[in-house]
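Survey of secondary and tertiary structure
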Amino acid sequence: MTEPQTPETLAREYVDLIFTGRYAEAEEYAKVESRTCSRGDCFLDPSLATPIEYPQLVELTVKPRSGERNNESYQVLVRYTLGGKESWGSFTIVKQPEHYPTPGVRTVGGWMIYKPWQSQSTIRIDDVFASASVGDLEVYRGHGIGSGRRSYSWEYITMRGYPAMYDLNVTKIADRWLVLIRDRNNQEEDYGDYDSVPFSLGEEMSIEAVMAPEDYDELYVQVERELRACLRGEPSPVCTRQLSGKGEEGAVLTVVTDLWNRPSLDSVTEEDTLSVEVTFPDGRTEFVRVKWRYSQDSTGTVSITLETELPPWEKERRG
């Protein structure tokens, strides 16, 4: 005996196609209109971007939409798991117009998918990533590090497609920087030396480039070198009126580290300060606050830029 062709029959057929990656067949029921990828807004075309994990169905509910008199429109609610997390999605089923059938659309018992089921993710990415891609689809191209005094270098990538998990492959400008992942609530999820980050369509996250221990070693060496040049009376961007020409011999330089400031989790795009205690042979001490940030020149070379945090009158005196 043939089972009745109901909206639930259509819903289960459609969801099964999506959850098994048979997207070409799914588009026989509802065709995706926009397949573009530009200006940070991308459709994850299945021909270029292959999921690494498909959803697992937990529950499917089909019910008439509120306000419908003749039950000609149904809301489909889909509960599923993906990447170890439970998610929800929905789409609409409508009665095919009797006198104006939609050409090229597969129907079941006179029912059709109103619009294709799409999920969307927005990912905030640090501008010091050179590029990001999903499979063979480039979804982001970076602009490099700015040379200004302060930089809020973030970009947003919006990706649309069928609900699934994908790998976002990222390329950093400097290989040794680490990758920090935060969830939609800005809570740290993970960090490490990654060149790809898994994400599920529908979730939001941010991806930052952060400093590795060797980056801080380089910073400390450079700051000490410049401060000692300043003590010798040589030109240096970190010189202060107090320190300049005081004499390097016997001076001890100590970096003052805040306990809350975990070096490996500092963003490389933001200007920061480093406090250094200078102790002279006679026991006198002076503190210097050195501003530092990463910058990139026209050749693409990345380096640390230093300057001293001077009081306003001293900045005005130096012009």
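Residues numbered from 1 in each chain as written. Predicted model: local features only at pLDDT ≥ 70, side-chain atom pairs only at ≥ 80, totals over all residues. Heavy atoms only, no water.

1. Some words on the overall build of the chain
When helices and strands are counted, the chain shows 4 helices and 19 strands. Carbon together with sulfur atoms contributes 46% to the accessible area of the chain, which is approximately 17,200 Å² in total. (Helix = DSSP H or I, 4+ residues; strand = E, 2+ residues; numbered from the N terminus. Areas by Shrake-Rupley, 256 points an atom, 1.4 Å probe, with all protein chains shown as cover.)

2. Some words on the nonpolar core
Among the nonpolar cores identified, the biggest contains 79 residues, and Tyr14, Leu44, Phe91, Val139, Met159 and Phe199 are the most heavily contacted of them. Not counting residues up to four positions away in its chain, the partners in contact with Val139 are Cys37, Gly40, Cys42, Leu44, Ala132, Ser133, Val134, Ile157, Met159 and Leu168. (Core = buried A, V, L, I, M, F, W, Y, C linked by side-chain atoms within 4.5 Å. Buried < 20%, exposed > 50% of the residue type's maximum accessible area, 1.4 Å probe, protein only. Contact = heavy atoms within 4.5 Å.)

3. Comments concerning the pattern of salt bridges
A full pass over the atoms with the stated rule returns 23 salt bridges. When the shortest N-O distance is used, the salt bridge between Arg176 and Glu218 registers 2.2 Å. Separated by 42 residues along the polypeptide, Arg176 in the loop between strand S11 (165-172) and strand S12 (178-183) and Glu218 in helix H3 (residues 213-231) bring together distant segments of the chain. On the basis of relative accessible area, Glu218 is assigned to the partly exposed category, the value being 32%. Linked through salt bridges whose partners overlap, the residues forming this network are Glu224, Arg228, Arg232, Glu234 and Glu248. (Salt bridge = Lys/Arg side-chain N within 4 Å of Asp/Glu carboxyl O.)

4. Here's the deal with the packing of aromatic side chains
Summed over all chains, the structure comprises 14 aromatic pairs. An angle of 45 degrees between the planes, with centres 5.8 Å apart, marks the rings of Phe19 and Trp117 as tilted. Highlighted residues: Phe19 in helix H1 (residues 7-19) and Trp117 in the loop between strand S6 (111-113) and strand S7 (119-126), separated in sequence by 98 residues. Each member of the pair Phe19 and Trp117 is classed as buried. Between the aromatic rings of Trp177 and Tyr294, the centroid separation amounts to 5.0 Å while the plane-to-plane angle is 70 degrees, which identifies the pairing as edge-to-face. Of this pair, Trp177 sits in the loop between S11 and S12 while Tyr294 sits in strand S18 (residues 285-296), placing them 117 residues apart in sequence. An aromatic cluster is present here, built from Tyr14, Phe19, Tyr29, Tyr80, Phe91 and Trp117 joined pairwise through their rings. The ring of Trp111 has Lys95 sitting right over it, with the charged end atom 4.6 Å from the ring centre. Positioned above the aromatic ring of Phe280 is the side chain of Arg284, whose terminal nitrogen or guanidinium carbon lies 5.0 Å from the ring centre. (Phe/Tyr/Trp six-rings, centres within 6.5 Å; stacked < 30°, edge-to-face > 60°. Lys NZ or Arg CZ within 6 Å of the ring centre and 35° of its normal.)

5. Some remarks on H3
For H3, with 19 residues, the first-to-last C-alpha span of 27 Å sits near the 27 Å given by 1.5 Å per residue. Within H3, burial applies to Asp215, Tyr216, Leu219, Gln222, Val223, Glu226, Leu227, Arg228, Ala229, Cys230 and Leu231. Close packing links the buried residues of H3 with strand S16 (252-256), strand S17 (272-279), S18 and strand S19 (302-308). (Expected span 1.5 Å × (residues − 1).)

6. Thoughts on the state of the cysteines
Per the counting criterion, the structure on display carries 2 disulfides. The disulfide partner of Cys37 is Cys42, and the gap between their sulfur atoms is 1.8 Å. Taking the sign of the S-S torsion, 55 degrees for the link of Cys37 and Cys42, the bridge is right-handed. The class of Cys37 is partly exposed, set by a relative accessible area of 29%. (Disulfide = S-S within 2.5 Å.)

7. Some remarks on the sheet that holds strand S2 (residues 41-43)
Ordered by their spatial adjacency, 7 strands build an open sheet running S1-S2-S10-S7-S15-S12-S13, and the pairing between neighbours is mixed. Of all the strands in the sheet, just strand S1 (37-38) and strand S13 (188-192) have a single pairing partner and so form its edges. Sheet topology places S1 next to S2; 2 bridges connect them, and they run antiparallel. Bridge assignment links Cys37 to a residue of S2, and that residue is Cys42. (Pairing = 2+ DSSP bridges.)

8. Quick notes on H1
Over its 13 residues, H1 extends 18 Å from the first C-alpha to the last, a length consistent with the 18 Å expected when each residue adds 1.5 Å. Those residues of H1 hidden inside the fold are in contact with helix H2 (23-26), strand S3 (56-64), strand S4 (73-82), strand S5 (85-95) and S6. Immediately downstream of H1, the backbone of Gly21 shows phi near 75 degrees, a positive value.

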